[in-house]
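# Structural characterization, general
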Number of protein chains: 4
Amino acid sequence: MTIRLGMVGGGEGAFIGAVHRIAARMDGHYTLVAGALSSDAARAASSAAALGIAPERAYADFREMATAEAARADGIEAVAIVTPNHLHFDVAEAFLKAGIHVICDKPLTTSLEKAKALEALVEETGLVFALTHNYAGYPMVRQARQMVREGQLGAIRVVVAEYAQDWLAERVEDTGNKQAGWRTDPAQSGPGGAIGDIGTHAYQLACYVSGLDFEVSAAELHSFVSGRKLDDNAFITLRAGAARGSLWCSQVASGNENALTLRVYGEKGGLAFRQENPNELWFTPLGEPARKITRMGAGAGPVAARVSRVPAGHPEGYLEGFANIYEEAARAIRAHRDGTPPDPGVDFPGIADGVAGVAFIEAAVRLSRERA
Amino acid sequence: MTIRLGMVGGGEGAFIGAVHRIAARMDGHYTLVAGALSSDAARAASSAAALGIAPERAYADFREMATAEAARADGIEAVAIVTPNHLHFDVAEAFLKAGIHVICDKPLTTSLEKAKALEALVEETGLVFALTHNYAGYPMVRQARQMVREGQLGAIRVVVAEYAQDWLAERVEDTGNKQAGWRTDPAQSGPGGAIGDIGTHAYQLACYVSGLDFEVSAAELHSFVSGRKLDDNAFITLRAGAARGSLWCSQVASGNENALTLRVYGEKGGLAFRQENPNELWFTPLGEPARKITRMGAGAGPVAARVSRVPAGHPEGYLEGFANIYEEAARAIRAHRDGTPPDPGVDFPGIADGVAGVAFIEAAVRLSRERA
Amino acid sequence: MTIRLGMVGGGEGAFIGAVHRIAARMDGHYTLVAGALSSDAARAASSAAALGIAPERAYADFREMATAEAARADGIEAVAIVTPNHLHFDVAEAFLKAGIHVICDKPLTTSLEKAKALEALVEETGLVFALTHNYAGYPMVRQARQMVREGQLGAIRVVVAEYAQDWLAERVEDTGNKQAGWRTDPAQSGPGGAIGDIGTHAYQLACYVSGLDFEVSAAELHSFVSGRKLDDNAFITLRAGAARGSLWCSQVASGNENALTLRVYGEKGGLAFRQENPNELWFTPLGEPARKITRMGAGAGPVAARVSRVPAGHPEGYLEGFANIYEEAARAIRAHRDGTPPDPGVDFPGIADGVAGVAFIEAAVRLSRERA
Amino acid sequence: MTIRLGMVGGGEGAFIGAVHRIAARMDGHYTLVAGALSSDAARAASSAAALGIAPERAYADFREMATAEAARADGIEAVAIVTPNHLHFDVAEAFLKAGIHVICDKPLTTSLEKAKALEALVEETGLVFALTHNYAGYPMVRQARQMVREGQLGAIRVVVAEYAQDWLAERVEDTGNKQAGWRTDPAQSGPGGAIGDIGTHAYQLACYVSGLDFEVSAAELHSFVSGRKLDDNAFITLRAGAARGSLWCSQVASGNENALTLRVYGEKGGLAFRQENPNELWFTPLGEPARKITRMGAGAGPVAARVSRVPAGHPEGYLEGFANIYEEAARAIRAHRDGTPPDPGVDFPGIADGVAGVAFIEAAVRLSRERA
């Protein structure tokens, strides 16, 4: 039986809500049955209707939704939170307290204090909490992480992470673009601009693959676009024990769409991954020719196959990677439903990634200010 | 309301059936409610159960299914045919005669005679017939076709199409691999080996994008693997009026997974597309720098956007392309249901592509034999 | 002591003459001391002066040059022939008869009859005859050939060769472009257009690397540009024993500069080479990840190192590849001078490649006409 | 008449000396007539003999060479300095004082103090001083610089420079590798390891193309290989007015050969260059498709053509780029010889680049220490 899913945010015109819905639908694990898709009652209702949600389960208020759904026999088992960042905490808290699992967009919260409070609540309730650092859902990212774990790179020395875009190279926030509007507004986005929106993805990916907990050792945040309050470009230096790293995120780098890349170098070899072509992973064992490992192809193992649907050479993409987070979360939710231990291979970003991400944002903002 | 869908073939262990199901599910247009998933009754039942199909709608015989579903008030409106090639005709005929729309895998039939018979039946019934030449569902393929139509390349001169794989480089058919087994068996596959399985895709793509009806002018089919009865490599030369083309398909080209590529050159410019990285299209106007057009990026137009789900730089893949065929077919099926004319932009491969593909196979086989 | 070199053709404004001169100079093996750089006496003199050739060794007539140089104690030991194709035979014959080694541009002659006559003369005189199929000078081409020889690909099955350009997509020959003028004129170029100018390079490369003597089994030559007498696009099918191949050459494929590529597939693996990035060779052993072998990098052997100058990651290019032909020829010329056997590793295209290339042109032209 | 050239360093077994000699020879501007190729007299003599240098002009001592050559009527006009870094200053000083032009390898000196002293001497003597930041000789680097100058990118915001290698990932300096030996020895290399050897190249390239004088704002230098005294990896943050930049250099990044790359982003567009494929330059005007500009191809202008030898699609490489520095220096030397003003387009890295490079090294080392 599929998991009954609700959604907060994601009304007509929103971007990431639609992505979550496809991700939830792709593998047949979830059925969307309730939503507070907008805080505007009319828009909430029409958005819900368009999605086939019954009118009585189309809410304008997420707190009302949490209470009402918790009270129904056929109430939702999980909620997807796809609002701007500043609402993540309140919504997540409401549903967790109502006993409902949470699948939440990133970054977790707009302050480390709230992130830790949420972490405590997750631990207390024992509910499933998935954070959609969707790039960690790519098969070849999992392959990379597995190769690091198996020691194929030896001790990690250097990590270079990038996430470059160009869509905010001009004052798009003045044109009525909703996505740009809230992302450049500290009240809705929190203290990080590019660093919160995309820097956290790159940071999570770097830590996820390398297995290291990187700390920010230096940061240079900058707003290039006149009048913009949050950073639109950041250079970060990272340390984790003997390892060193750098992270660049930018929303003003012309010609970059979603150029999220990760390179990891260890004593014995290196790995390179590029989000825009996610079916490939480059492995460069020291002193040997570079090898292109492909999803489901020679050299890729069961960890990647677990989250693959089609054979090598038939590309899977962003939505499949996103769906992998939903699928892994579904396994945990079902195990919870059944009262059984989850599959030991279950792997999705969670509350700890969320806390680390917010700590990363705060450290970067603080260190950059100190330097200026 | 979603379209009630049935499926013939695609039981446990099959590959393409699962792909069709994800494609049907991705955009929420279809609900799978019936199936003759296997000719083995037990396997048909267990496969159906695993997919949540009600037991009374799990059939072991496709003819019985056509009759029974046609008789139900809530009977299926469309059937997906995902059997080996030699069954396409009989299954399609049965459902068309029962008044049910058909979404069929390619190649259409194992003989041109049957292909034409089916074409007549489709015309006679006025039902929707979609052929899953799924690569024609890629947004950048549609972008390419549109650019040719708009005259951005001028008169087309040269088309170079390739589809190279390596999975049949050895006698895989002897290892119990079902996919390899029927594809190398003339009784199930028809007269074409590589040329039928993948050559028809490349041929359809070449015709679809260029807008030309290419004819085979020379063919060199070959079976490299000892004991194999069907071709596993073919070089084809094509003509269409003043245009010339070549097509290479191979299943023995080491290092190629699904290397389907298309290059089109006209008087004023060229285009290049590579299936394994389908979010890019190269446009090379004569005398100007090469331009990389990306899905939803600058330079891509509404024809590509129509079949896109996520912004530029977030890759869509094989399943999304496949789903685009299902989505376009859904529009035609709904228009038929509503008795309205379909959206003029509706675009999916159909019976004519199927007839052309079978004619291509027969011509290639005949010309190759004449030469040998 | 360097080899005293003369040149026929290559006066001011010519392209390939300058390339030969750099190639001859790069490694310090040759000194240019004489020339019949143009049949126009004034232009021959001024071109020679610009190159530091003494006035008395600047000839307007190549026959006079052959005679005069043969008579000098310090006469040239070798001549570089860089004229249009129709002059290759007469010039080569004159210098061979004068006892002077020849380094000649391709194609060898404008007829197979003359090619064979020249072959006989080379055998008779025992002189060095190098044909500048310069692409065979690339280190990674030699690496490829060596890997085939060592059996790393197993028995060769399929070869796909391409050489695509776009510079003749319009009627450039009418604009006063000398290069285009003689290449599109049968009287100067011989019976092949694209097929002679660039098809022969692709053909030589295919044979050189695969070790197979391919024969043309079908050909489709075409002139797309109105009024052009020679082919500007050709699709060729090749056979060599059990192996099959295809060759495409075009001068009207917009967006292609010098897109010479070679792919070779054997029972055990494949290789891919792309002239425009000649420091890489892709090796795809069946069932293993693709490997990128780089010049002087891991996986490249002594055969490539022999013709390399700088370490991996510092690209060598067209001129270095060309210079490798000159260097290898220099070894043969010096061995001849010393009366010693040449280094057994000496490897440069010679008279046999020339005869094969002209046979290829004639067969392609004949088979294409028969079909039309 | 060619320029009479001497060389200090570059005896048998050295790497960069051979490169300088090919670069000097390629375009016929220089003749090598004297050398102090080694401080070991026997090796100096045998190295000179192998290069055809007259015995009386084969010196074991560079000071003796400077004096003797200055005294000859046919003495050298220019000297190429290809010794380890710690000797650059003394050698350059000796030849400048002898009135001889200098072409010197980088980095200029091992201290900023000495760099400035040399700068003063160059100004005082008025002699030509070229520093072989050879990557600035690539045609597409010049194209990039020209496009920035013309304002095609608008005001520069972000520069990302990288130079990654892997050849020092292990303790190669212990294996008798001379190149590794001196480069990892502070006494010969100066205070910078990777940062001096390759970081200065990336820094010079970033400043050269962007037209900005970047200052180091933060630095994280690290030695990963046990016992190594100099950095083998460095992350640097840069500032120049409102622009921000980052620079990564590494000699321990497995799978990188000479991965020097530069990305420049301005208000109106971006550029990307990759040394390992130097015939391409990517231009990404904001809001338009990415364009691949090729050397001598459409979109490349006269500044690139000036330093090109062969048409588009025939790759030029490292040696040609290096030779471009020699060729440009030759123009300046000839102008000096003739007492005429040099061609206004003459462009080669000089003493100012050298001073800036040493300042860069010192700042990076200092800031990294402060942080540690």
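What you see is a predicted model; the values in this text were computed from it and never measured. (Residues numbered from 1 in each chain as written. Chains lettered and ligands numbered in written order. Predicted model: local features only at pLDDT ≥ 70, side-chain atom pairs only at ≥ 80, totals over all residues.)

### Notes on the overall build of chain A
- Counting secondary structure elements, chain A contains twelve helices and 13 strands.
- Taken over C-alpha atoms, the radius of gyration comes to 20 Å for chain A, in line with the 21 Å a tight globule of 372 residues would show.
- Along the longest, intermediate and shortest principal axes, the C-alpha atoms of chain A span 65 × 50 × 40 Å.
- Classification of the 372 residues of chain A by burial places 63% in the buried group.
- Considering only contacts within chain A whose residues lie at least 6 apart along the sequence, 70% involve residues at least 24 apart. (Helix = DSSP H or I, 4+ residues; strand = E, 2+ residues; numbered from the N terminus. Rg over C-alpha atoms; globule rule 2.2 N^0.38 Å. Buried ≥ 20, exposed ≤ 12 C-beta atoms within 10 Å, placed from the backbone. Contact = placed C-beta atoms within 7 Å.)

### Considerations on the relation of the copies chain A and chain B
- Turning chain A through 180° and shifting it by 0.0 Å along the axis lays it on chain B, with an RMSD of 0.0 Å. Such a combination of rotation and displacement between the chain copies is what one expects of a two-fold axis.
- Looking at the interface residues of chain A, 100% of them are also at the interface in chain B, so both copies use one shared face. (Least-squares fit on C-alpha atoms with pLDDT ≥ 70 in both.)

### Comments concerning the environment of Asp343 of chain C
Residue and element names in this part refer to chain C.
- Position of Asp343 relative to the elements: it lies in the loop between helix 11 (318-338) and helix 12 (351-371).
- Look at Asp343 and you get partly exposed, because 13 C-beta atoms sit within 10 Å.
- For Asp343 and Glu328, which are 15 residues apart along the polypeptide, the C-alpha to C-alpha distance reads 9.4 Å.

### A word on the relation of the copies chain D and chain A
- Mapping chain D onto chain A calls for a rotation angle of 180° and an axial translation of 0.0 Å; the resulting RMSD is 0.0 Å.
- Of all interface residues in chain D, 100% are interface residues in chain A too; the two copies therefore contact each other through one and the same surface.

### Some remarks on the sheet that holds strand 2 (residues 30-36) of chain C
Residues and elements named next belong to chain C.
- On the basis of which strands lie adjacent, the open sheet formed by five strands has the order 2-1-3-4-5 and parallel pairing. Every other strand in the sheet has two partners, leaving strand 2 and strand 5 (129-131) as the edge strands with one partner each. Here the strands of the sheet are splayed against their neighbours by 20° on average, with no regard to which way each runs. (Pairing = 2+ DSSP bridges. Axes fitted to C-alpha atoms, helices over the stretch in contact; angles between N-to-C directions.)

### Considerations on the interface of chain A and chain B
- Every contact between the two is made by 24 residues of chain A and, on the other side, 24 residues of chain B.
- Elements represented by at least two residues in the side of chain A that touches chain B include exactly helix 1 (16-26) and helix 11 (318-338) of chain A.
- The leading source of residues in the side of chain A that touches chain B is helix 1 of chain A, at four residues.
- Of the residues that constitute the side of chain A that touches chain B, the class distribution is ten nonpolar, eight polar and six charged. (Nonpolar A, V, L, I, M, F, W, Y, C, P; charged D, E, K, R; others polar.)

### Topic: the packing of helix 1 (residues 16-26) of chain D against helix 11 (residues 318-338) of chain D
Residue and element names in this part refer to chain D.
- Running from N to C, helix 1 and helix 11 point in directions that differ by 70°, and their axes come no closer than 8 Å. Relative to helix 11, the element helix 1 lies roughly perpendicular. Note that helix 1 runs across helix 11; the crossing there is right-handed. Across the interface between the two elements, Val19, Ile22, Ala23, Ala24 and Met26 from helix 1 touch Leu319, Phe322, Ala323 and Tyr326 from helix 11. (Parallel < 35°, antiparallel > 145°, perpendicular 65-115°, else oblique. Left-handed = near helix turned anticlockwise from the far one by under 90°.)

### Some points on the environment of Gly354 of chain D
Residue and element names in this part refer to chain D.
- With respect to the element layout, Gly354 can be found in helix 12 (residues 351-371).
- Judged by C-beta crowding, with 28 C-beta atoms within 10 Å, Gly354 ranks as buried.
- Separated by 297 residues in the primary sequence, Gly354 and Arg57 place their C-alpha atoms 29 Å from one another.
- If near-sequence neighbours (up to four positions away) are discounted, Gly354 is found in contact with Lys106, Leu108, Ala115 and Leu131.

### What about the domain arrangement of chain A?
Residue and element names in this part refer to chain A.
- Partitioning chain A into structural domains gives domain 1 (3-127) and domain 2 (138-312 + 354-371).
- Taken over C-alpha atoms, the centre of domain 1 sits 27 Å from the centre of domain 2.
- Contact with domain 1, which involves 15 residues of that partner, is made by 16 residues of domain 2.
- Residues belonging to the side of domain 1 that touches domain 2 are distributed by class as follows: six nonpolar, six polar and three charged. (Domains from an automatic or database assignment.)

### What about the interface of chain D and chain A?
- Tallying the contact residues gives 27 residues for chain D and 27 residues for chain A.
- Partitioned by chemical class, the residues of the side of chain D that touches chain A number twelve nonpolar, eleven polar and four charged.

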